[in-house]
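Listed below, chain by chain, are the residues.
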Amino acid sequence: MITFLARRPLLIGLLLFGLVWAGFTWLASDTAEGKTSGRGPTASGTNMASTGTRPAASAPRSLQGLTVDDKQDISADARPPNARRESIVRTGIGELQEMKQMNLAVFDDAAKRWNAQPRVKEIIAQWQAAEAAWKTQDDEAKVAVVPQMEAMWKEALGLLREEVEKSAREANAGVK
């Protein structure tokens, strides 16, 4: 590296001159744009509180005057009901597999205890009834049922998660 510096002083000098020139033009262009941007002077220090005005260039946006089109589905998930149902099931199975992988030693026993709970049996019966009716429903009815199906999965998985965590705590307490 030192031999390179000793052999090429002209190249290094030009490189440094170019960097200084680029930096100077960059700084000069920032100050020129700041002066011609059209913004008024901004308040600073204690003047800001006394003027009571915001230094922003425009007023905040408002929802007044906006209308919602009744014909469009503006829900968070505008997919068809069949795709939404499949997504709920896939997501639930993914969470189930994640719980199993995280607590492999206690998962099977916890799942058996979870499956024996009366509320879980009730949720499973509701799901089976919804699945049986699903095949004969039109899309509007399916759209109305999807949130209920999602709530059933969330509740069932929440109960399973509680049971797995309880089993894991008990297993950890027994190990120590």
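Every value quoted in this text rests on a predicted model; they were computed, and no experiment measured them.

**Remarks on the overall build of the chain**
Alright, step 1. Helix and strand counts for the chain come out as seven helices and zero strands.
Alright, step 2. For the chain, the sequential pattern of α-helices and β-strands runs α-α-α-α-α-α-α.
Alright, step 3. Within the chain, the proportion of its 176 residues that are buried is 17%.
Alright, step 4. Carbon and sulfur atoms make up 59% of the accessible area of the chain, which totals about 14,200 Å².

**Digging into the environment of Ala 130**
Alright, step 1. Residue position: Ala 130 is located in helix α6 (residues 118-134).
Alright, step 2. For the pair Ala 130 and Gln 148, spaced 18 residues apart in sequence, the C-alpha separation works out to 9.1 Å.

**A short note on the packing of helix α4 (residues 81-102) against α6**
Alright, step 1. Axis separation between α4 and α6 bottoms out at 13 Å; the angle between their running directions is 150°. As the angle between them shows, α4 and α6 are arranged roughly antiparallel. Our pair here, α4 against α6, has a crossing hand that is left-handed. Here Pro 81, Asn 82, Arg 85 and Val 89 of α4 lie close against α6, whose contacting residues are Trp 127, Glu 131 and Trp 134.
Alright, step 2. Class assignment for the residues of the contact of α4 with α6 results in four nonpolar, one polar and two charged.

**Some details on the packing of aromatic side chains**
Alright, step 1. Following the criterion strictly, the structure yields one aromatic pair and no others.
Alright, step 2. Here the aromatic rings of Trp 127 and Trp 153 are separated by 5.9 Å at their centres, their planes lie at 90°, and the arrangement is edge-to-face. One end of the pair, Trp 127, is in helix α6; the other, Trp 153, is in helix α7 (residues 139-175), and 26 residues separate them in sequence.

**So, a nonpolar patch on the surface**
Alright, step 1. A contiguous nonpolar surface patch, about 330 Å² in accessible area, is contributed by Leu 15, Leu 16 and Leu 19.
Alright, step 2. You can see Leu 19 is positioned in helix α2 (residues 9-36).

**Focus on the packing of α4 against helix α5 (residues 104-115)**
Alright, step 1. Closest axis-to-axis distance for the α4/α5 pair is 6 Å, and the angle between their directions is 125°. Regarding the angle of α4 to α5, the classification is oblique. Between α4 and α5, the residues in contact are Leu 96, Met 99, Lys 100, Gln 101 and Met 102 and Leu 104, Phe 107 and Asp 108, respectively.
Alright, step 2. Taken together, the residues of the contact of α4 with α5 break down into five nonpolar, one polar and two charged.

**Details of the nonpolar core**
Alright, step 1. Of all hydrophobic cores here, the largest spans 19 residues; its most connected members are Trp 114, Met 149, Met 152 and Leu 160.
Alright, step 2. Contributions of two or more residues to this core are made by α4, α5, α6 and α7.
Alright, step 3. Contacts of Trp 114, omitting those with residues within four sequence positions, involve Val 120, Ala 156, Leu 159, Leu 160 and Glu 163.

**Some thoughts on the side chain of Arg 84**
Alright, step 1. Secondary-structure assignment places Arg 84 in helix α4.
Alright, step 2. For Arg 84, a relative accessible area of 14% corresponds to the buried category.
Alright, step 3. If sequence neighbours within four positions are ignored, Arg 84 has contacts with Asp 77, Arg 79, Val 143 and Val 146.

**Observations regarding α6**
One turn of the α-helix equals 3.6 residues, which is why residues spaced by three or four share an orientation.
Alright, step 1. When the terminal C-alpha atoms of α6 are compared, their 24 Å separation across 17 residues agrees well with the 24 Å that a helix rising 1.5 Å per residue should span.
Alright, step 2. Taken as a whole, α6 has its buried residues at Val 120, Ile 123, Trp 127, Ala 130, Glu 131 and Trp 134. The buried residues of α6 occupy an angular sector of 100° when the element is viewed end-on, so they sit on one face. Exposed positions of α6 whose direction lies more than 90 degrees from the buried face are Pro 118, Lys 121, Gln 128 and Ala 132.

What counts as what
- Note that residues are indexed from 1 along each chain, following the sequence as it is written.
- Confidence filtering applies because this is a predicted model: local features only for residues at pLDDT of at least 70, side-chain atom pairs given and counted only at 80 or more, and all residues used for totals across whole chains, interfaces and linings.
- Water and hydrogen atoms play no part in the side-chain values, which are based on all heavy atoms of the structure.
- Going along the chain from the N terminus, every DSSP run of H or I of four or more residues is numbered as a helix, and every run of E of two or more is numbered as a strand.
- Here's how the labels work: a residue is buried when its accessible area is under 20% of the maximum for its type, exposed when over 50%, partly exposed in between, all with a 1.4 Å probe on protein chains only.
- Methods summary: accessible areas were calculated by the Shrake-Rupley approach with a probe of 1.4 Å, and residue burial reflects only the protein chains presented.
- Between N-to-C directions, angles span 0 to 180 degrees; the directions come from axes that are lines fitted to C-alpha atoms, helices contributing only their stretch in contact.
- Orientation labels follow simple angle bins: below 35 degrees gives roughly parallel, above 145 gives roughly antiparallel, 65 to 115 gives roughly perpendicular, and whatever is left gives oblique.
- By definition, turning the near helix anticlockwise from the far helix through less than a right angle yields a left-handed crossing, and turning it clockwise yields a right-handed one.
- Should any heavy atoms of two residues lie within 4.5 Å, those residues are considered in contact.
- Residues were grouped as follows: Ala, Val, Leu, Ile, Met, Phe, Trp, Tyr, Cys and Pro as nonpolar; Asp, Glu, Lys and Arg as charged; and all remaining residues, including Gly, as polar.
- Whether two aromatic rings pair depends on their centres lying within 6.5 Å, for rings of Phe, Tyr and Trp, where Trp uses its six-membered ring; planes under 30 degrees apart make the pair stacked, over 60 edge-to-face, and the rest tilted.
- What goes into a patch is any residue over 30% in relative accessible area without a salt bridge, connected to like charges within 9 Å or, for nonpolar side chains (Val, Leu, Ile, Met, Phe, Trp, Tyr), within 5 Å.
- Just to be clear on terms, a salt bridge is a Lys or Arg side-chain nitrogen sitting within 4 Å of an Asp or Glu carboxyl oxygen.
- Joining through side-chain atoms within 4.5 Å is the link that ties buried Ala, Val, Leu, Ile, Met, Phe, Trp, Tyr and Cys residues into a set, and such a set is a nonpolar core.
- Helix span, as expected, comes to 1.5 Å for every residue beyond the first.
- Directions from the helix axis toward the C-beta atoms define the arc.

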